[in-house]
Number of protein chains: 2
Amino acid sequence: MENVKVIYFPLKGMAEGIRLILAHNGQEFEDVRIPHEEWPAMKPNTPFGQLPILEINGKQYAQTSAIVRYLGRKYGLGGNNVDEDFEIDQNMEFFNDLRSKGSALFYEKDEKRKAALREDLQKNYYPTALAKLNDIIAQNNGHLALGRLTWADFMFAGIYDSMKYIMQIPDIDEKYPMLVELQQKVLSLPRVKEFCDRAPKSDF
Amino acid sequence: MENVKVIYFPLKGMAEGIRLILAHNGQEFEDVRIPHEEWPAMKPNTPFGQLPILEINGKQYAQTSAIVRYLGRKYGLGGNNVDEDFEIDQNMEFFNDLRSKGSALFYEKDEKRKAALREDLQKNYYPTALAKLNDIIAQNNGHLALGRLTWADFMFAGIYDSMKYIMQIPDIDEKYPMLVELQQKVLSLPRVKEFCDRAPKSDF
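Residues numbered from 1 in each chain as written. Chains lettered and ligands numbered in written order. Predicted model: local features only at pLDDT ≥ 70, side-chain atom pairs only at ≥ 80, totals over all residues. Heavy atoms only, no water.

As recorded in an unreviewed UniProt entry, chain A goes by glutathione transferase and comes from Danaus plexippus plexippus. Its UniProt record, at the heading Catalytic activity (unreviewed entry), says of chain A: "RX + glutathione = an S-substituted glutathione + a halide anion + H(+)". UniProt, in the comment section headed Subunit (unreviewed entry), describes chain A in these words: "Homodimer." (UniProt positions renumbered as here; feature names shortened; annotations may be inferred.)

1. Looking at the pairing of strand β3 (residues 53-56) of chain B
Within a regular strand, the side chains alternate between the two sheet faces. All names here are of chain B. Judged by which residues are buried, β3 turns out to be covered on both faces: I53 and E55 on one side and L54 and I56 on the other are all buried. Pairing analysis gives four bridges linking strand β1 (residues 4-8) to β3, with the strands arranged antiparallel. Along β3, the bridge assignment pairs I7 with I53. Of the strand pairs in this sheet, β3 and strand β4 (residues 59-62) are connected by four bridges, and their pairing is antiparallel. Each bridged residue has a counterpart across the sheet, and for I53 the counterpart in β4 is A62. (Buried < 20%, exposed > 50% of the residue type's maximum accessible area, 1.4 Å probe, protein only. Helix = DSSP H or I, 4+ residues; strand = E, 2+ residues; numbered from the N terminus. Pairing = 2+ DSSP bridges.)

2. Concerning helix α7 (residues 151-167) of chain B
Residues and elements named next belong to chain B. In a regular helix each residue adds 1.5 Å, so 17 residues correspond to 24 Å; α7 covers 23 Å between its end C-alpha atoms and thus fits that length. Of all bends in α7, the biggest is about 45°, found at I159. Most of α7 sits out of view: 15 of its 17 residues are buried. Positioned one or two residues after α7, Q168 has a phi angle of 50°, which is positive. (Expected span 1.5 Å × (residues − 1). Bend = angle between axes of the 7 residues up to and from the residue.)

3. A short note on the packing of aromatic side chains
Overall, the coordinates contain 22 aromatic pairs over all chains when judged by the stated rule. A ring pair is formed by A:Y125 and A:Y126, whose centres lie 5.7 Å apart and whose planes are at 55°; its orientation type is tilted. Residues A:F156 and A:Y160 carry aromatic rings whose centres are separated by 5.2 Å and whose planes lie at 25° to one another, so their mutual orientation is stacked. Of this pair, A:F156 and A:Y160 are both found in helix α7 (residues 151-167), four residues apart, which corresponds to roughly one turn of the helix. Of the two residues, A:F156 and A:Y160, both sit in the buried class. Over the face of the ring belonging to B:Y125 we find B:K101, whose NZ or CZ atom lies 4.6 Å from the ring centre. (Phe/Tyr/Trp six-rings, centres within 6.5 Å; stacked < 30°, edge-to-face > 60°. Lys NZ or Arg CZ within 6 Å of the ring centre and 35° of its normal.)

4. Notes on the sheet that holds β4(B)
All names here are of chain B. Here we have four strands laid out as an open sheet, ordered β2-β1-β3-β4, and mixed in their pairing. Looking at the sheet topology across the chains shown, the edges are occupied by β2 (30-33) and β4. Looking at each pair of strands side by side, their axes are set apart by 20° on average, direction ignored. Against the sheet, helix α3 (residues 64-74) contacts β3 and β4, and its axis sits at roughly 115° relative to β4. (Axes fitted to C-alpha atoms, helices over the stretch in contact; angles between N-to-C directions. Contact = heavy atoms within 4.5 Å.)

5. Digging into the pairing of β2(B)
Bridging between β1(B) and β2(B) involves four bridges; their strand directions are parallel. Looking across to β2(B), one finds that B:Y8 is bridged to B:R33.

6. Looking at the side chain of A:N134
All names here are of chain A. With respect to the element layout, N134 can be found in helix α6 (residues 126-139). According to the relative accessible area criterion, N134 is buried, its value standing at 13%. Once residues lying within four places of it in the same chain are set aside, the contact partners of N134 are Y176, P177, M178 and L179.

7. Describing the sheet that holds strand β4 (residues 59-62) of chain A
The strands making up a sheet associate through hydrogen bonds between their backbones, and the pairing can be parallel or antiparallel. All names here are of chain A. Ordered in space as β2-β1-β3-β4, the four strands form an open sheet in which the pairing is mixed. At either end of the open sheet lies a strand with only one pairing partner, and these are β2 (30-33) and β4. The average undirected angle you get between the axes of adjacent strands in this sheet is 20°. Of the strands in this sheet, β3 (53-56) and β4 touch helix α3 (residues 64-74), which is tilted by about 115° from β4.

8. Structural notes on the relation of the copies chain B and chain A
Screw-axis analysis of chain B against chain A gives a translation of 0.0 Å along the axis, an RMSD of 0.0 Å, and a rotation angle of 180°. Both copies are brought into coincidence by an operation consistent with a two-fold rotation axis. Within chain B, B:A104 has its C-alpha nearest the rotation axis, a separation of 3.7 Å. Interface residue correspondence from chain B to chain A reaches 100%, placing this contact among same-surface, isologous pairings. (Least-squares fit on C-alpha atoms with pLDDT ≥ 70 in both.)

9. Focus on the interface of chain B and chain A
Contact residues are listed per partner, giving 30 residues for chain B and 30 residues for chain A. On the chain B side of the interface with chain A, the three residues burying the most area are B:F48, B:R73 and B:F86, jointly 21% of the side's total. Scanning the region where chain B abuts chain A turns up eight salt bridges. Note that B:D85 is salt-bridged to A:R73, the shortest N-O span being 2.8 Å. Where chain B touches chain A, the interface holds 20 residue pairs in polar contact (both at pLDDT 80 or more). (Buried area = accessible area lost by both parts, 1.4 Å probe. Salt bridge = Lys/Arg side-chain N within 4 Å of Asp/Glu carboxyl O. Polar contact = N/O pair within 3.5 Å; in protein donor to acceptor, adjacent residues only side chain to side chain.)

In structure tokens form, the structure reads like this:
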């Protein structure tokens, strides 16, 4: 990899996992942050009408989990065999499901409806799902899978702030402490920390 | 693999892709179909409180895409390298996104709200996304990726009927003909056809 760009909005969101795994592996990249007002003109020229995009020597890669898995396997942060890869994918898919339940919340424009939807998730879904996620991380030595650092941890650490912003679960860090612990573990990796210290600031 | 079970409801739904890829590869399996009324008692003893589950010699595997990817790679229906695996994953993730937009519809209990949500998706999201999916399949020689049969095709073929039922897009097969063509291509594979002919019937 020589000429690498990560193209996204001025947010962590879906791109931060890509940025973090590149940074951890010492890969220099151009951190392109598109102002929202420029997006409509750009959208038709992207592979799926979506960001983030990873660009390597002009070739474009889309779809966040696919990208982070790809980079992870390239960098030796995947499984050591197909069975181990499955373990990562299984836990990642569970996490992505949990996370994407929040997307409906994010895009809901009717404020009353949004509040009702959030209450329903907070009552009937999130507590069990977050407790399960907390257990998974506890059972995996503070990681999302395989009891060690994999690409899934970068995906998780990159998106955790956005997830919290969307879910708005009071005391999530106190109730499910393994989540923030895993995020902080990734953010403390020396080259990740160095990247975050000099990156433009955004809350999520 | 010796003792293999696929455990799901009496539906195609999220399990059919697993059943089809096993059938295509000549793997005998017990096709366990749990009546809905038995599910609440069983749920707490499943890895994620969800079905489908694949069981191989007593070991349980969960999360549909992770399972089908795993079986695909085992059976030589993945990519030939990490870059090819990425191409499959990227297109699969796009398809899963498209498909999961429908889940909110499926679970919405308020009929008025459900109709409004469906109309919004039918107006603002599905046409572009389905046209894109149709293009992807056309550009890939009638497959979801790599211009050849991969595990992603089994995933797609297994879930297409459920997807149509949830989306309720009039004339979807006529408007986006590559979709049903891909489904039929998979369902015509000799061992897949043999499995479907003797499997319990369900509409989706």
